[in-house]
Amino acid sequence: MKKVLLASACLFALAAPASAADLAARPYTKAPIAPAAVYNWTGFYLGVVGGGAWEESSTDPKMQGGFVGGTAGYNWQTGNVVFGLEADGAWADVSASVTGATVVPGFGVAAATLSSKTDAMGTVRGRIGWAVNNVLLYGTGGYAWIDNKVTLSALGVSVSDSKWHSGWTVGAGVEAFFAPQWSVKGEYLYRSFGSENYFSNLGVPLASGTINFHTVQVGVNYHFGAPVVAKY
């Protein structure tokens, strides 16, 4: 009986570590992968825009100045390609003036100042670009307009005339999301406007000639809806 008890005790002592090892083992579970944010550019947006403009001209002085306004647009994304339609309008102070001698009938030679100032400007453009997640590189082009005023001053008297110039624009830019529904963009546009005749009502029409502007602008847009989706 003692031999049987001793043998049983030995077997129990040998089995106990193995059983403890079996109880200590735990199945390995892989930690879940955190979702990655993927940006979708489709949707409507509103924003603010501002920048600087300078005239392309072979003569001086050249009109130059700044502008600030608003933007509205809509994007459609398919794959990495983004199509869009955007309109903007801005208050502007882009101007130049020149002073010289002129002959005033019944008076003689007098100093006269001719100034030109663009008070407002805007565009309606299409956009097409390539999106790499939250960054969009794009080209753009379409219709452009300015509201311009020419003023002639001499002998303390000033006369002014305002004209709406229509034309076209083309350019390129880059836009990037910096928050789930907010993006910032930088853009260059070349704008060309047709000639208009000023002071026609006075019988002395003054042709403006083609007006060409280079503009550089930055903007911040708020995108409605949910442009960010989670991808596992």
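See above for the structure.
Computed from a predicted structure; not experimentally measured.

### Focus: the overall build of the protein chain
And step 1. The number of helices and strands found in the protein chain is one helix and 12 strands.
And step 2. In sequence order, the protein chain lays out its α and β elements as α-β-β-β-β-β-β-β-β-β-β-β-β.
And step 3. When contacts within the protein chain are restricted to residue pairs at least 6 apart in sequence, long-range pairs at least 24 apart make up 64% of them.
And step 4. Accessible surface, the protein chain as shown: approximately 13300 Å² in total, 67% of it carbon and sulfur.

### Overview of unusual backbone geometry
And step 1. Following Asp-60, the chain continues into Pro-61 via a peptide bond in cis, with omega recorded as 0°.
And step 2. As for its position among the elements, Pro-61 is in the loop between β2 (43–55) and β3 (64–78).
And step 3. Notably, Asn-133 is not glycine yet its phi reads approximately 60°, a positive angle.
And step 4. Positionally, Asn-133 belongs in the loop between β5 (108–132) and β6 (135–154).
And step 5. Look at Asn-133 and you get partly exposed, because its relative accessible area is 35%.

### Some words on the pattern of salt bridges
And step 1. Applying the stated criterion to the full structure yields eight salt bridges.
And step 2. Between Lys-185 and Glu-86 there is a salt bridge, and its shortest N-O distance comes to 2.8 Å. Separated by 99 residues along the polypeptide, Lys-185 in strand β8 (residues 182–193) and Glu-86 in strand β4 (residues 81–104) bring together distant segments of the chain.
And step 3. Residue classification places Glu-86 among the buried positions, given a relative accessible area of 1%.
And step 4. Residues Asp-88 and Arg-125 are paired through a salt bridge, measuring 3.0 Å at the closest nitrogen-oxygen approach. Residue Asp-88 is found in strand β4, and its partner Arg-125 is found in strand β5; the two are separated by 37 residues along the sequence.
And step 5. Taking relative accessible area as the criterion, Asp-88 reaches 10% and is therefore assigned buried.
And step 6. Under the relative-accessibility criterion, Arg-125 is labelled buried at 0%.

### Structural notes on a nonpolar patch on the surface
And step 1. Residues Phe-44, Leu-46, Tyr-74, Trp-76, Phe-83, Leu-85, Val-124, Ile-128, Tyr-143, Trp-164 and Phe-224 make up a contiguous nonpolar surface patch of about 1000 Å² in total accessible area.
And step 2. If you list the elements that add at least two residues to the nonpolar patch, you get β2, β3, β4 and β5.
And step 3. Along the polypeptide, Ile-128 turns up in strand β5.
And step 4. Looking at Ile-128, the relative accessible area reads 46%, which means it is partly exposed.

### Focus: the side chain of Thr-71
And step 1. For Thr-71, the location among the structural elements is in strand β3.
And step 2. Once you skip the residues sitting within four places of it in the chain, Thr-71 turns out to touch Tyr-45, Leu-46, Gly-47, Val-49, Glu-86, Ala-87, Asp-88, Lys-185 and Asn-221.

### Looking at the environment of Phe-178
And step 1. Secondary-structure assignment places Phe-178 in strand β7 (residues 157–179).
And step 2. In this view, Phe-178 contacts Ser-183, Val-184 and Val-220; residues no more than four positions away in its chain are not counted.

### Considering the pairing of β8
And step 1. Here 12 bridges tie β7 to β8, and the two strands are oriented antiparallel to one another. By the bridge assignment, Trp-168 is partnered in β8 with Ser-192.
And step 2. Taking the residues that link successive antiparallel strands as the turn, the β7-β8 hairpin has two residues.

### Quick notes on the nonpolar core
A general trend in soluble globular proteins is that nonpolar side chains are found buried together.
And step 1. Judged by nonpolar contacts, the single largest core of 13 residues is most densely connected at Phe-67, Val-94, Met-121, Ile-146, Phe-193 and Phe-213.
And step 2. Considering every element that reaches this core, the biggest residue donor is β4, with four residues.
And step 3. Ranked by size, the runner-up nonpolar core spans seven residues in total, among them Ala-131, Leu-136, Tyr-138 and Phe-177.

Scoring rules and cut-offs
- Residues numbered from 1 in each chain as written.
- Predicted model: local features only at pLDDT ≥ 70, side-chain atom pairs only at ≥ 80, totals over all residues.
- Heavy atoms only, no water.
- Helix = DSSP H or I, 4+ residues; strand = E, 2+ residues; numbered from the N terminus.
- Contact = heavy atoms within 4.5 Å.
- Areas by Shrake-Rupley, 256 points an atom, 1.4 Å probe, with all protein chains shown as cover.
- Buried < 20%, exposed > 50% of the residue type's maximum accessible area, 1.4 Å probe, protein only.
- Salt bridge = Lys/Arg side-chain N within 4 Å of Asp/Glu carboxyl O.
- Patch = residues over 30% accessible without salt bridge, like charges linked within 9 Å, V, L, I, M, F, W, Y side chains within 5 Å.
- Pairing = 2+ DSSP bridges.
- Core = buried A, V, L, I, M, F, W, Y, C linked by side-chain atoms within 4.5 Å.

So far we have only geometry, and geometry alone does not tell us how the molecule works.
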